[in-house]
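Below, each chain spelled out in residue letters.
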Amino acid sequence: MELGARLPDALLYDFLEDLTGRCAALDTVLIPAIVTAAYDPAPHLGVLLAAQDSAALEAAEALVRADCRGLARMFADPPPRQGPVSHRPRGRPACVSRTRR
């Protein structure tokens with residue numbers, strides 16, 4: 001499966017650990033087989049899925065595919081904020097002076 005982003009080893013292992021747990025919640029075993037995500041220009045992931053029934057297997061496969069594609073969202077720029085943005089600290093208005101004459 002194509003991955004949506006290149007990942008250093010530590011992030012890839014975290015991703016696989018999370019994905020393995022989520023597949024286990026679907027009564028499916030996930031075993032990483034081919035991992036080429038660490039800085040590869042076209043990162044891919046091969047996995048083996050095992051389940052007792054086809055419904056669990058199909059659910060786990062859909063989960064794995066969606067999560068692999070979704071990796072790109074981790075590195076996407078956040079959406080622009082709506083409305084005006086003030087970089088002035090809140091509290092005292094800019095026109096108020098602290099000293100009195």
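Figured I'd write up the structure that's included with this text. (Residues numbered from 1 in each chain as written. Predicted model: local features only at pLDDT ≥ 70, side-chain atom pairs only at ≥ 80, totals over all residues. Heavy atoms only, no water.)

### Digging into the side chain of aspartate 67
Phase 1 of the analysis: Counting through the fold element by element, aspartate 67 comes out in helix α2 (residues 54-74).
Phase 2 of the analysis: With a relative accessible area of 16%, aspartate 67 lands in the buried category.
Phase 3 of the analysis: One polar contact links aspartate 67 to arginine 22, side chain to side chain, over a distance of 2.3 Å.
Phase 4 of the analysis: Beyond its immediate sequence surroundings of up to four residues, aspartate 67 is in contact with Phe15, Leu19 and Arg22. (Helix = DSSP H or I, 4+ residues; strand = E, 2+ residues; numbered from the N terminus. Buried < 20%, exposed > 50% of the residue type's maximum accessible area, 1.4 Å probe, protein only. Polar contact = N/O pair within 3.5 Å; in protein donor to acceptor, adjacent residues only side chain to side chain. Contact = heavy atoms within 4.5 Å.)

### Things to note about the pattern of salt bridges
Phase 1 of the analysis: Counted according to the given criterion, the structure contains two salt bridges.
Phase 2 of the analysis: Aspartate 67 is the partner of arginine 22 in a salt bridge, and the nearest nitrogen-oxygen pair spans 2.3 Å. Of this pair, arginine 22 sits in helix α1 (residues 9-24) while aspartate 67 sits in helix α2, and the two are 45 residues apart along the sequence.
Phase 3 of the analysis: A salt bridge links arginine 65 to glutamate 61; the nearest nitrogen and oxygen atoms lie 3.1 Å apart. Placement of the pair is arginine 65 and glutamate 61 together in helix α2, with a separation of four residues, close to one helical turn. (Salt bridge = Lys/Arg side-chain N within 4 Å of Asp/Glu carboxyl O.)

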